[in-house]
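# Geometric and topological summary
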Amino acid sequence: MTTLKDYKELKLQLDGIVPAGQTFFRNLLFDQVYASLPRDPNAKVQIYNAEVLPGGYTNWHCHNGATFFVVLQGQFEAHFQEGILVRAKAGDCYSEPIAKFHRGHNPLPELPFLCIGMAITAPDREHVTNSIERPW
């Protein structure tokens, strides 16, 4: 039987990362310029944390701007019309395509998926468009 203790490698280590002899360390998770960032100085920014329960799914949705995620715990799959295009685990950073409907899934039977998300969207758009049904 799998226990939550067995999932240690699926939890992002947030402390104990400062090298000996130092008092500060920045663990760089994402450092690249993203071509799809809106150039408008009035772009909307949304930062949030999310949880998907074990075996659970998000609703069908699409992001209307650039999105970035940092996985804090667990595993994640993003299901698109073409199949699973994004897989991530604790410590990974990822982005999802703009305007492509999908839903997220936590494939683990016991451990919740936890992440921090950031969306940067043009001022005339909502961050997310939701769909009640599978959109294709």
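Before reading on, note that the structure itself is shown above.
Structure report, in brief.

Quick look at the sheet that holds strand E1 (residues 44–52) now. If you walk across this open sheet you meet the four strands as E1-E8-E3-E6, and the pairing is antiparallel. Of all strands in the sheet, those with a lone pairing partner are E1 and strand E6 (93–94), marking the two edges. Of the strand pairs in this sheet, strand E3 (residues 66–73) and E6 are connected by two bridges, and their pairing is antiparallel. Bridging from a neighbouring strand, Phe69 pairs with Tyr94 of E6.

Inspection of every chain in the model, using the stated rule, returns zero disulfides. For the unlinked cysteine Cys62, the closest cysteine sulfur is that of Cys115, found at 17 Å. The thiol of Cys115 is not disulfide-bonded; the next cysteine sulfur, from Cys93, is found 11 Å away.

Turning next to the environment of Ile132. Tracing the sequence through the fold places Ile132 in the segment after strand E9 (128–131). Under the relative-accessibility criterion, Ile132 is labelled exposed at 86%. Separated by 98 residues in the primary sequence, Ile132 and Tyr34 place their C-alpha atoms 30 Å from one another.

Next up on the list: the environment of Asn64. Along the chain, the position of Asn64 falls in the loop between strand E2 (60–63) and E3. C-alpha of Asn64 to C-alpha of Thr129: the two residues are 65 residues apart in sequence and 7.2 Å apart in space. Asn64 has contacts with Ile98, Thr121, Arg125, Glu126, His127, Val128 and Thr129, leaving out every residue within four places of it along the chain. At 2.9 Å, the side chain of Asn64 and the side chain of Thr129 are in polar contact.

Right, let's get into the nonpolar core. Within the largest apolar cluster, eleven residues are counted, these being Val52, Phe69, Val71, Phe76, Ala78, Phe80, Val86, Ala88, Tyr94, Phe113 and Cys115. Among the secondary structure elements, those contributing two or more residues to this core are E3, strand E4 (75–80), strand E5 (83–89) and strand E8 (113–121). Once residues lying within four places of it in the same chain are set aside, the contact partners of Val52 are Tyr57, Thr58, Asn106, Pro112 and Phe113.

As a further point, take the side chain of His102. Looking at the secondary structure, you find His102 in strand E7 (residues 102–105). Overall, the relative accessible area of 0% leaves His102 in the buried class. If near-sequence neighbours (up to four positions away) are discounted, His102 is found in contact with Asn59, Trp60, His61, Cys62, His63, Ala78, His79, Phe80 and Glu96.

As a further point, take the pattern of salt bridges. Overall, the coordinates contain three salt bridges when judged by the stated rule. As a salt-bridge pair, Glu77 and Arg87 come within 3.1 Å of each other at their nearest N and O atoms. A residue pair is termed long-range when its members are at least 10 positions apart, and Glu77 in strand E4 and Arg87 in strand E5 qualify at ten residues. Between Lys100 and Glu82 there is a salt bridge, with the nearest N and O atoms lying 2.7 Å from each other. Of the two residues, Lys100 sits in the loop between E6 and E7 while Glu82 sits in the loop between E4 and E5, which places them 18 residues apart along the sequence.

Conventions adopted
- Residues numbered from 1 in each chain as written.
- Predicted model: local features only at pLDDT ≥ 70, side-chain atom pairs only at ≥ 80, totals over all residues.
- Heavy atoms only, no water.
- Pairing = 2+ DSSP bridges.
- Helix = DSSP H or I, 4+ residues; strand = E, 2+ residues; numbered from the N terminus.
- Disulfide = S-S within 2.5 Å.
- Buried < 20%, exposed > 50% of the residue type's maximum accessible area, 1.4 Å probe, protein only.
- Contact = heavy atoms within 4.5 Å.
- Polar contact = N/O pair within 3.5 Å; in protein donor to acceptor, adjacent residues only side chain to side chain.
- Core = buried A, V, L, I, M, F, W, Y, C linked by side-chain atoms within 4.5 Å.
- Salt bridge = Lys/Arg side-chain N within 4 Å of Asp/Glu carboxyl O.

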